[in-house]
Amino acid sequence: MFKKISLIALSTVSVFAMHSAEVNINNSDLELSAKLDMGQFNDSIEPATIFLGAKYLNADERHSDVRNIDDYQEINFLMQKNVNSDFRLGLGVKLNHTDEFVSIPLGIEAVYKLPVSSSVPFYIGASIYTAPEVLSFDEADSFLEYRFTLEAEAIQNGFITLGYRHMDTNYEVRDVEYNDSVYFGLKFLF
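Residues numbered from 1 in each chain as written. Predicted model: local features only at pLDDT ≥ 70, side-chain atom pairs only at ≥ 80, totals over all residues. Heavy atoms only, no water.

**Topic: the pattern of salt bridges**
Thought 1: Counting across every chain of the model gives ten salt bridges.
Thought 2: In this structure, Lys55 and Glu74 form a salt bridge, with 3.9 Å as the shortest nitrogen-oxygen distance. Placement of the pair is Lys55 in strand β3 (residues 50-58) and Glu74 in strand β4 (residues 72-84), with a sequence separation of 19 residues.
Thought 3: Measuring nitrogen to oxygen at the nearest pair gives 3.1 Å for the salt bridge that ties Asp60 to Arg62.
Thought 4: Classification of Asp60 by relative accessible area gives partly exposed; the value is 22%.
Thought 5: For Arg62, a relative accessible area of 58% gives the class exposed.
Thought 6: Through salt bridges that share partners, Asp29, Glu31, Lys55, Glu74, Lys94, Glu145, Arg147 and Arg165 make up one connected network. (Salt bridge = Lys/Arg side-chain N within 4 Å of Asp/Glu carboxyl O. Helix = DSSP H or I, 4+ residues; strand = E, 2+ residues; numbered from the N terminus. Buried < 20%, exposed > 50% of the residue type's maximum accessible area, 1.4 Å probe, protein only.)

**A few points about the packing of aromatic side chains**
Thought 1: Tallied over the entire structure, the rule returns seven aromatic pairs.
Thought 2: Measuring from centroid to centroid gives 6.4 Å for Tyr72 and Phe143, while their planes differ by 10°, and the two rings are stacked. Of this pair, Tyr72 sits in strand β4 while Phe143 sits in strand β10 (residues 140-155), and the two are 71 residues apart along the sequence.
Thought 3: By relative accessible area, Tyr72 is classed as buried at 2%.
Thought 4: The interplanar angle of 65° and the centroid separation of 5.9 Å between the aromatic rings of Tyr123 and Phe159 together place this pair among those described as edge-to-face. One end of the pair, Tyr123, is in strand β8 (residues 122-131); the other, Phe159, is in strand β11 (residues 158-171), and 36 residues separate them in sequence.
Thought 5: With a relative accessible area of 15%, Tyr123 lands in the buried category.
Thought 6: Take Phe159: its relative accessible area is 7%, and that puts it in the buried class.
Thought 7: Aromatic ring contacts, followed pair by pair, group Tyr72, Phe101, Phe143, Tyr171 and Tyr178 into a single cluster.
Thought 8: Seen from the ring of Tyr129, Lys94 lies directly overhead, with NZ or CZ sitting 4.1 Å from the centre.
Thought 9: If you follow Lys187 out to its NZ or CZ, it ends over the ring of Phe159, 5.7 Å from the centre. (Phe/Tyr/Trp six-rings, centres within 6.5 Å; stacked < 30°, edge-to-face > 60°. Lys NZ or Arg CZ within 6 Å of the ring centre and 35° of its normal.)

**Quick word on the nonpolar core**
Thought 1: Counting 13 residues, the largest nonpolar core has Leu57, Tyr72, Phe143, Met167 and Tyr178 as its most contacted members.
Thought 2: Every element with two or more residues in this core is listed here: β10 and β11.
Thought 3: The residues contacting Phe143, other than those within four sequence positions of it, are Tyr72, Asn96, Phe101, Ser103, Pro105, Tyr129, Thr130, Ala131, Ser136, Met167, Asp168 and Thr169. (Core = buried A, V, L, I, M, F, W, Y, C linked by side-chain atoms within 4.5 Å. Contact = heavy atoms within 4.5 Å.)

**Concerning the environment of Glu153**
Thought 1: Looking at the secondary structure, you find Glu153 in strand β10.
Thought 2: Using a relative accessible area of 15% as the deciding quantity, one classes Glu153 as buried.
Thought 3: Sequence-distant contacts of Glu153, defined by excluding residues within four places in its chain, comprise Val120, Pro121, Tyr123, Gly158 and Phe159.
Thought 4: At 3.0 Å, the side chain of Glu153 and the backbone nitrogen of Asn157 are in polar contact. (Polar contact = N/O pair within 3.5 Å; in protein donor to acceptor, adjacent residues only side chain to side chain.)

**Observations regarding a negative patch on the surface**
Thought 1: Residues Asp99, Glu100, Glu133, Asp138, Glu139 and Glu172 make up a contiguous surface patch of negative charge.
Thought 2: Looking at where Glu172 falls in the secondary structure, it is placed in the loop between β11 and β12 (177-189).
Thought 3: Judged by relative accessible area, Glu172 falls into the exposed class, the value being 58%. (Patch = residues over 30% accessible without salt bridge, like charges linked within 9 Å, V, L, I, M, F, W, Y side chains within 5 Å. Areas by Shrake-Rupley, 256 points an atom, 1.4 Å probe, with all protein chains shown as cover. Lys, Arg positive; Asp, Glu negative; His and termini not counted. Charge placed at Lys NZ, Arg CZ, Asp CG, Glu CD.)

Okay, structure coming up:
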């Protein structure tokens, strides 16, 4: 099943010429992510400002409070702006779900290029998304996700990522830590 999903995601990247594709893993979790830069398809939109994306997370119960954990899927929208040449700030919204959980979290993302004098540029990033009860549906009560990343641009448009992910998918009857893990991965820009 995981091999099929991975192959579908990789073939989707080449078919739609996505702005970015990312694969994050650790000892038991697999996360696939892709974003379309809408500025590449529409001349009236400035490139690198509006993104549509999708994410799939096959989490393991070793990094969760849940037994028999369901896969997590999301569709996301992000508007971002270069505050200066080294700092980007964005506002976003997601539609995410598992078999028993649906929410629409709102959030903020930031990326900063570290002023390191080396041939390999380094970036730190952070994001936080939350959905209170009013934006949580099905059996959901609230949602909270935050991430921290350190990225190194090993080759042009190719990044090595080290990150931390924390996701709480709280239900009406219990509070659940869906995923709390460190991961590493690869990110490609097209």
